[in-house]
Amino acid sequence: MDIPYTIQPRPDTGVYNAKVGMWLFLASEVMLFGGLFSSYILLRVAAPANTWPHGWLSVPLGTVNTLLLALSAISTLLAWAACKARMFDRFKLFMGLTLVLATVFLGIKGYEYHDKLTHYEVTLKDGRIADGHLVAETATALQLKGRFVKDHAELLNGRGHAHEAVTIEKSRIQKIENYAPRHNTFMAIYFTMTGLHGLHVLGGMVVFAYLWGPGSRMWKTQPDRFTNRVEIAGLFWHFVDLVWIFLFPVLYLT
Amino acid sequence: MESAAHTLDRAHVHEDHHEGLGFLRSYVFSTDHKVIGLQYGFTALCFLLLGFTLMLMMRWQMAHPGEAIPLAGPLLAAVLGDVAAKGVMSPDLYNSFGAMHGTIMVFLAIVPLAVGAYGNYLVPLQIGANDMAFPKLNMMSYQFYLAGGIVMFVSFFIPGGAAQSGWTSYAPLATVVPTSGQTFWLIGMVFLITSSLLGSVNIITTIIQLRAPGLTWMRLPFFVWAQFTASFLLLLAFPPLEVAGILQLMDKVAHTSFFLPTGLAVGGNLANISGGGSPLLWQHLFWFLAHPEVYVLILPALGIVAEIIAVNTRKPLWGYRSMVYSALAIGFISFLVWAHHMYLTGMGTRIATFFQTTTMIISIPSVIILSSLLISLWGGSIRFNTPMLFALAFLPMFGIGGLTGLPLGMSLSDIHLHDTYYVIAHFHYVVAPGTIFALFAGIYFWFPKITGRRMSEYWGRVHFWGSLIFMNVVFMPMFAQGLAGMLRRMSDGGANYSQAKLEGVTGGLSPAIMSLNHYILWGAVGLGLAQIPFIINFFHSIRWGEKVESDNPWASTTLEWQTPTPPPHGNFLRPPQAYRGPYEYSVPGYDKDYVPQNQPPG
């Protein structure tokens, strides 16, 4: 029993089954990320005055990551074009390049996460706040690279301040909290949105790695079907790139 | 051609069906849309029974607050421990059962039955396809559904019990209840959403790509249109709930404050949270799903009823095209009405006016469909068999449900009625004697195609009249209770607000209103008893029912009846070709009163 139009397009609709399925899936994904972006807007607009931070994320790193994904979109397209032109070696090259770019993207994302999770806000018993990255910890003291501020609101602008060595005795600490999702609404939505996006990147990489590696055996027997697979995996990848194009300005630049 | 199509083609069944696959591949991990449809059907019917049983125990508690539940009480006490000590339902347990009754009925029973079972089994048959477009995804869709169901079911037995904050899981209440039930609920929902995503992608792709040659869009049976629209709603409305689920899961597990406002106090103490979140955001995301979900519940039911009415009136559906366009209009507009569930949140009058307007507008296509079905009866030679009885009862019952919804769509009257038993009565009339009657009708109607045997007409009628009467005994009094101001979700059935407890206070619930709880309890018991003939009839008829005499026992035109009985793997003996519309009954000039879609012209 063969299901029709798995490889060749249906004449009156002009598409093959998997392509329809992928577009429908992407429509659903638009609603998923649309819901997240709407939540971001509502949370930010409704946030109490003077609680929304700016400049907490590194624009250079975000820019590099944007460029990496943009380049990977091009290499994915070229990989598909190579399949269409029946040039298997070029497919391997460009698909491999996509995988490398995506890996670097996730590496940078991981570094950014690490940077946030080792960033501490320490409230002292005298009311001052020390804020910075944890450098070293001894039995009695913490060493941060950062600064002292008088109140919480000063922390909301993350740019253009000194990074000095700050040492704090543990006995003077009232409360210590790192920049994890629970820190505030911005960190929460940042980790959630980029985390969900990162899972999509990872999912796309798993599919690409399969097509690059064991799945490429299909090239010898059914090159048309294999080309279709590259095409719909590429559709998904372009969507993942597109989400980042929105995430970058929304989280990094505003 | 014609005689070949209508003699019984049972001989092909056994050689084609299994194709040498083992038991696991044939029945557990099957990729055949019919087996998956039946898996969905059986699982969903079990959950339907479970959801009903929960409600039966809750109705006892409401009529007799603080008294041990007969029969089930000792069992509850043994299994669940302190929350049901001595067989008495505690308020916490009542909350759990209430939340899970709604969740199970909507997400694990009705939608899987209406879309998972009926959509899977019938859509490929009605469009002349040999299977769904993505059989493996179809199998995974059922597996995800089963996993979600198991997670939900297991949550009853964890410490603290299942989720307690209603099927709506409003934040911040759902987040701050200090048990893990809500976390299980959220994880279960993520599974169910994944399942419905895979299912809806499959159904839509199948309808777009695998229609038989000649089966143009306006030749599709209305049932297929209904499934098409409902699948689009599942595809596009569920992701925002998934977002809501993810954010609430973050609140529960990672201690973020997406839905927790600044200054939230829990148990008299300031909660240790960052705050800054928005409880209203949850309601927006939730109802953005949950209103389209209402139409996911009702559209397949309308589709089933339309098929049965066309066959049993022996005439074409009246206004087929306007029904199709109405279904599509319902689909679009259902995304624009969600905030009519939120009039009491203090929204501005302009926003309320917008949502009142869209709500009134969406009732128009619903009324068009219902009117078309009603007018279809006019002048028909109606056959009153069991499926037709259920389909006919659907029309007024759904009508009551729909019309009583209008006062809830107006912000002025909604302010009085919100959160009362009036709301419960309204949406149960839509879903219980509405959608569930349509689903019953479908079971009686398609049973001969699936098994090759008929269900007993006599016991079908007993089931029908018992269900119809007791459904109304259960739900009609709730309108009166709601109008009198009785609130929903009270574990004592309103006793604390009765005149007996509030002596000298005007406005307490009168003894007459309180006594309705007893009628409802015995109505619910009667409703349960009325299902026994159905269950026995169902299983008895699988083995011992009267054998059907042809592949097309109802003399129907649509393609699913032009297959062997039951349809083998691959469905059709030869790929069908459609030549005509779906409801060519009593066409002048033919010797029979129906012309199948695959009968060539001439």
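To be clear, the structure that these remarks concern was listed above.
Not measured: the values here are computed from a predicted model.

Draft legend 1. Expanded view of the overall build of chain A. Tallying secondary structure elements over chain A gives six helices and five strands in all. In chain A, the order of α-helices and β-strands from amino to carboxyl end is α-α-α-β-β-β-β-β-α-α-α. Here the C-alpha atoms of chain A give a radius of gyration of 23 Å, more than 25% beyond the 18 Å that 2.2 N^0.38 yields for 254 residues. Going through the 254 residues of chain A one by one, you find that 48% of them count as buried. Long-range pairs, those at least 24 residues apart, make up 70% of the contacts in chain A with a sequence separation of at least 6. Element-wise, carbon and sulfur atoms account for 66% of the exposed surface of chain A, whose accessible area totals about 12100 Å². Positive and negative charge centroids in chain A, built from 23 and 18 side chains respectively, lie 5 Å apart.

Draft legend 2. Representation of the overall build of chain B within the structure. Counting its secondary structure elements, chain B contains 19 helices and two strands. Scaling as 2.2 N^0.38, a compact globule of 602 residues should have a C-alpha radius of gyration of about 25 Å, and chain B matches this with 25 Å. Counting the 602 residues in chain B, one finds 62% classified as buried. A separation threshold of at least 6 residues defines the contact pool for chain B, and within that pool the share at least 24 residues apart is 78%. As presented, chain B carries roughly 22300 Å² of accessible surface, and 70% of it is formed by carbon and sulfur atoms. Of note, chain B has its 26 positive side-chain charges centred 4 Å away from the centre of its 26 negative side-chain charges.

Draft legend 3. Spatial organisation of the interface of chain B and chain A. Across the contact, 41 residues belong to chain B and 35 residues belong to chain A. Between chain B and chain A, a total of about 3100 Å² is buried, with carbon and sulfur atoms accounting for 70% of that surface. Sorting the residues of chain B by area buried against chain A places Gln209(B), Val243(B) and Phe258(B) first, and these three jointly supply 18% of that buried surface. Joining chain B to chain A, the criterion identifies zero salt bridges. Elements represented by at least two residues in the side of chain B that touches chain A include exactly helix 9 (181-209), helix 10 (222-253) and helix 11 (279-313) of chain B. The greatest single-element share of the side of chain B that touches chain A, amounting to ten residues, is contributed by helix 10 of chain B.

Draft legend 4. Spatial organisation of the packing of aromatic side chains. All chains considered together, the criterion is met by 67 aromatic pairs over all chains. Judged by centre distance (5.2 Å) and plane angle (55°), the rings of Phe208(A) and Trp237(A) are tilted. Linking Phe208(A) in helix 4 (residues 185-212) with Trp237(A) in helix 6 (residues 223-253), this pair joins segments that are 29 residues apart in sequence. Trp237(A) matches Phe208(A) in its accessibility class, with the two residues each being buried. A connected cluster of aromatic rings, assembled from ring pairs, spans Phe42(B), Phe390(B), Phe437(B), Phe440(B), Tyr444(B), Phe447(B), Phe464(B), Trp465(B), Phe534(B), Phe538(B) and Phe539(B). When the ring centre of Phe148(A) is taken as origin, the NZ or CZ atom of Arg128(A), which lies over that ring, is 4.2 Å away.

Draft legend 5. Main features of the sheet that holds strand 1 (residues 119-124) of chain A. Residues and elements named next belong to chain A. Reading across the sheet, the five strands line up as 4-3-2-1-5 and stay open at both edges, with antiparallel pairing between neighbours. Strands at the two margins of the open sheet, each flanked by one partner only, are strand 4 (164-169) and strand 5 (173-178). On average, adjacent strands in this sheet sit at an angle of 40° to one another, irrespective of strand direction. The sheet contact formed by strand 1 and strand 5 spans five bridges and is antiparallel. Paired with Glu121 across the two strands is Glu177, which belongs to strand 5. Strands in contact with helix 3 (residues 88-117) are strand 1, strand 2 (129-137) and strand 5; relative to strand 1, the strand with the most contacts, it is inclined by about 10°.

Draft legend 6. Structural detail: a nonpolar patch on the surface. Residues and elements named next belong to chain B. Taken together, Leu38, Phe42, Leu49, Ile535, Phe539 and Ile542 make up a surface patch of nonpolar side chains, about 500 Å² in accessible area. Secondary-structure elements contributing two or more residues to the nonpolar patch are helix 4 (33-63) and helix 19 (511-544). Its location among the elements puts Ile542 in helix 19.

Cut-offs used in this document
- Every chain is numbered independently, its residues counted from 1 as its sequence is written.
- Ligands are numbered from 1 and chains lettered from A, in the order in which they are written.
- Local features in this predicted model are restricted to residues whose pLDDT is 70 or higher, and side-chain atom pairs enter the listing and the counts only when it is 80 or higher, whereas totals over whole chains, interfaces and linings include all residues.
- Excluded from the side-chain calculation are hydrogens and water; included are all heavy atoms of the structure.
- Numbering of helices and strands starts at the N terminus; helices are DSSP runs of H or I of at least 4 residues and strands are runs of E of at least 2.
- With C-alpha atoms as the basis for the radius of gyration, the globule rule is written as 2.2 Å multiplied by the number of residues raised to the power 0.38.
- Type-normalised accessible area, obtained with a 1.4 Å probe on protein chains alone, sets the label of each residue: buried when under 20%, exposed when over 50%, and partly exposed for intermediate values.
- Note on contacts: a residue pair qualifies if any of its non-hydrogen atoms lie within 4.5 Å across the two residues.
- Per-residue accessibility takes into account occlusion by the displayed protein chains alone, with areas from the Shrake-Rupley method and a 1.4 Å probe.
- Charged residues are defined here as Lys and Arg on the positive side and Asp and Glu on the negative side; His and the ends of the chain fall outside this count.
- Think of each charge as sitting on NZ of Lys, CZ of Arg, CG of Asp or CD of Glu.
- Buried area: the sum, over both parts, of the accessible surface (1.4 Å probe) that disappears when the two are put together.
- When a carboxyl oxygen of Asp or Glu is within 4 Å of a side-chain nitrogen of Lys or Arg, the pair counts as a salt bridge.
- The criterion for an aromatic pair is that two Phe, Tyr or Trp rings (for Trp, the six-membered ring) have centres within 6.5 Å, with stacked assigned to planes under 30 degrees apart, edge-to-face to planes over 60 apart and tilted to the rest.
- Counting as a charge over the ring demands two things of the Lys NZ or Arg CZ atom: a distance within 6 Å of the ring centre and an angle within 35 degrees of the ring normal.
- One bridge is not enough; two strands pair if DSSP finds at least two bridges between them.
- Lines fitted to C-alpha atoms define the axes, with helix axes restricted to the stretch in contact, and inter-axis angles between N-to-C directions lie between 0 and 180 degrees.
- Note on patches: the residues involved have over 30% relative accessible area and no salt bridge, like charges join within 9 Å, and the nonpolar side chains Val, Leu, Ile, Met, Phe, Trp and Tyr join within 5 Å.

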